[in-house]
Amino acid sequence: MIIKAKKAIRAILAFLYRHTYRHVKVKERTVFFLSFHGRGYSDNPKAIYEYMRSCGEYANYRFIWALRDPKRKIEGAKVIRYNGPFYFYYLMRSQYWIVNCKLADYFLKKDDQIYLQTWHGTPLKKLAHDIDVSDDTTFYRTKMSKAQMQTTYDRDVAKYNYMISPNPFCTEVFQSAFRIDRARLIETGYPRNDFLSHFSEQDVLQMKRKLHLPTDKKVILYAPTWRDNSYRLSGYTFQLEVDFLKWKQVLGDSYIVLFKPHYLIVNTFDMSQVKDFVYEIDAKADIAPLYPLADLLITDYSSVFFDYAILKRPIYFYMYDIESYANELRGFYFDLYETLPGRIYTEEDLLLADIAGGVYEENRISAFHKRFHVHEDGWASKRVCDIVFKKEQTR
């Protein structure tokens, strides 16, 4: 009943929005931020916001953050409830929208509003128009057909004034996947990665203490992603195909593991048998602050490795289901064996043996860095703001 009531209220608000948005005057220098549909204060919108907060030239701007938890305090910003009445109001009222995900179809943008789509990662898996599936495919989470899914992207992309591309690879892919013209793509690097060029050892130590981690052990970050075909009503589920007890036995007391599920994964995991070895991080937490803590990364098909590779630290790909994933789901943008910045493992024993022996392919990381990180110098936020805010001010 509660879910039905929320949907009914949202439908009423959407109806009112579409019939009133043109009559609400845009407030100059008001910036609306949204990350992952209100799930948190994170990602590229967070990095852009914190850069603007640090610059005196944006002191006369007003900042609005939409969160599912409106009680969350963000210094210098007004926090509103995602999908609440003020959410609709400030989308009508704000001059700038800074968003890293698709907005609902019913949101319409006025000519004097600026929509910056930051997106949220360099894609490994194919997106939108590039997904190679049959026309009669129905997507698990949204229940949409292929055509319906692509239409939702087309409607959102039509509203973008700018879309961030982190690298030349994405500049090409986004034009194909989102059918966006090159003129609206700004190839700046990702603001969310700026801190990877500026953090200190003291920052790492403070974060470890905040998470109650031992400071004298090597840290493994294990960050697997969701599978398109593992879904229930509340969200995506993930079957943990690793034996952490074996990890502890092979790697010994010199390591700990940070286990960070993808934010869309909703099921829980029992870590009681590996307490003080595996530290589970909330799926909805921002993963970026974990990168500097990790001496190495283990992942599968998650795009986290694109960002982590900036640090030029060892990366291991545990793809136990690579054959079914590649053939039955979305497909990839490049040959994994040729391009990934690390070796692919399908056997857990071999993965653990190489980690314990310090075996990794450093040359692959260097080659990957040269191709994908040409703009990751710590100043992407500045470049984005110079384009989106300063350029628009002079028009």
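Residues numbered from 1 in each chain as written. Predicted model: local features only at pLDDT ≥ 70, side-chain atom pairs only at ≥ 80, totals over all residues. Heavy atoms only, no water.

Caption draft 1: The arrangement of the pairing of strand E5 (residues 114-117) in detail. Burial along E5 is two-sided: the face carrying Ile 114 and Leu 116 and the face carrying Tyr 115 and Gln 117 are both buried. Here strand E4 (residues 94-99) pairs with E5 via four bridges, running parallel. Residue pairing in the sheet places Ile 98 in a bridge with Leu 116 of E5. In terms of strand pairing, E5 meets strand E6 (residues 162-165) through two bridges, oriented parallel. Bridge pairing in E6 places Gln 117 opposite Met 163. (Buried < 20%, exposed > 50% of the residue type's maximum accessible area, 1.4 Å probe, protein only. Helix = DSSP H or I, 4+ residues; strand = E, 2+ residues; numbered from the N terminus. Pairing = 2+ DSSP bridges.)

Caption draft 2: Up close: the side chain of His 373. Its location among the elements puts His 373 in the loop between helix H12 (362-372) and helix H13 (380-393). Leave out the neighbours within four places in its chain, and His 373 touches Phe 306, Ala 309, Ile 310 and Phe 368. (Contact = heavy atoms within 4.5 Å.)

Caption draft 3: View of unusual backbone geometry. With a phi close to 60°, His 212 is a non-glycine residue in the positive phi region. Considering the arrangement of structural elements, one finds His 212 in the loop between helix H6 (201-210) and strand E8 (218-223). Phi is positive for Lys 312, close to 60°, though the residue is something other than glycine. Secondary-structure assignment places Lys 312 in the loop between helix H8 (304-308) and strand E14 (315-318). We classify Lys 312 as partly exposed; its relative accessible area is 48%.

Caption draft 4: Molecular detail of the environment of Asn 44. With respect to the secondary-structure elements, Asn 44 resides in helix H2 (residues 43-54). In the structure, Asn 44 is positioned 54 residues away from Ile 98 in sequence and 8.7 Å away in space, judged by C-alpha atoms. Excluding anything up to four places from it in sequence, Asn 44 contacts Thr 118, Trp 119, His 120, Tyr 190, Pro 191 and Arg 192. At 3.1 Å, the side chain of Asn 44 forms a polar contact with the backbone oxygen of Trp 119. (Polar contact = N/O pair within 3.5 Å; in protein donor to acceptor, adjacent residues only side chain to side chain.)

Caption draft 5: Fine view of the pattern of salt bridges. Summed over the entire model, instances satisfying the criterion amount to 13 salt bridges. Between Arg 192 and Asp 43 there is a salt bridge, with the nearest N and O atoms lying 2.6 Å from each other. With a gap of 149 residues between them, Arg 192 in the loop between strand E7 (185-187) and H6 and Asp 43 in helix H2 connect regions that are remote in the sequence. Here Arg 192 and Asp 43 have matching classes, each one buried. One salt bridge in this structure joins Glu 75 and Arg 53, with 3.6 Å as the shortest N-O distance. Taken together, the residues Glu 75 in the loop between strand E2 (62-67) and strand E3 (78-81) and Arg 53 in helix H2 connect sequence positions 22 residues apart. For Glu 75, a relative accessible area of 65% corresponds to the exposed category. (Salt bridge = Lys/Arg side-chain N within 4 Å of Asp/Glu carboxyl O.)

Caption draft 6: Structural view of helix H5 (residues 168-177). All of the buried residues in H5 are Phe 169, Cys 170, Thr 171, Val 173, Phe 174 and Ala 177. Those residues of H5 that are buried lie in contact with E6, E7 and H12. Of the residues trailing H5, Arg 179 is marked for its positive phi of about 55°.

Caption draft 7: Here's a closer look at the sheet that holds strand E12 (residues 278-280). With parallel pairing, the six strands of this open sheet are ordered in space as E12-E11-E8-E13-E14-E15. The sheet is open, and its two borders are formed by E12 and strand E15 (344-345), each paired with just one other strand. Here five bridges tie E8 to strand E11 (residues 255-259), and the two strands are oriented parallel to one another. Bridge pairing links Leu 221 to Leu 258 in E11. Here helix H11 (residues 348-356) sits on the sheet in contact with E8, E11, strand E13 (296-299), E14 and E15, set at roughly 170° to E14. (Axes fitted to C-alpha atoms, helices over the stretch in contact; angles between N-to-C directions.)

Caption draft 8: Quick look at the sheet that holds E7. The seven strands lie next to each other as E3-E2-E1-E4-E5-E6-E7, forming an open sheet whose pairing is parallel. Strand pairing shows two members of the sheet lacking a second neighbour, E3 and E7, which therefore form its edges. Averaged over all pairs of adjacent strands, the angle between their axes in this sheet comes to 25°, without regard to strand direction. Of the pairings in the sheet, the one linking E2 to E3 comprises four bridges and is parallel in character. Bridge assignment links Leu 67 to a residue of E3, and that residue is Arg 81.

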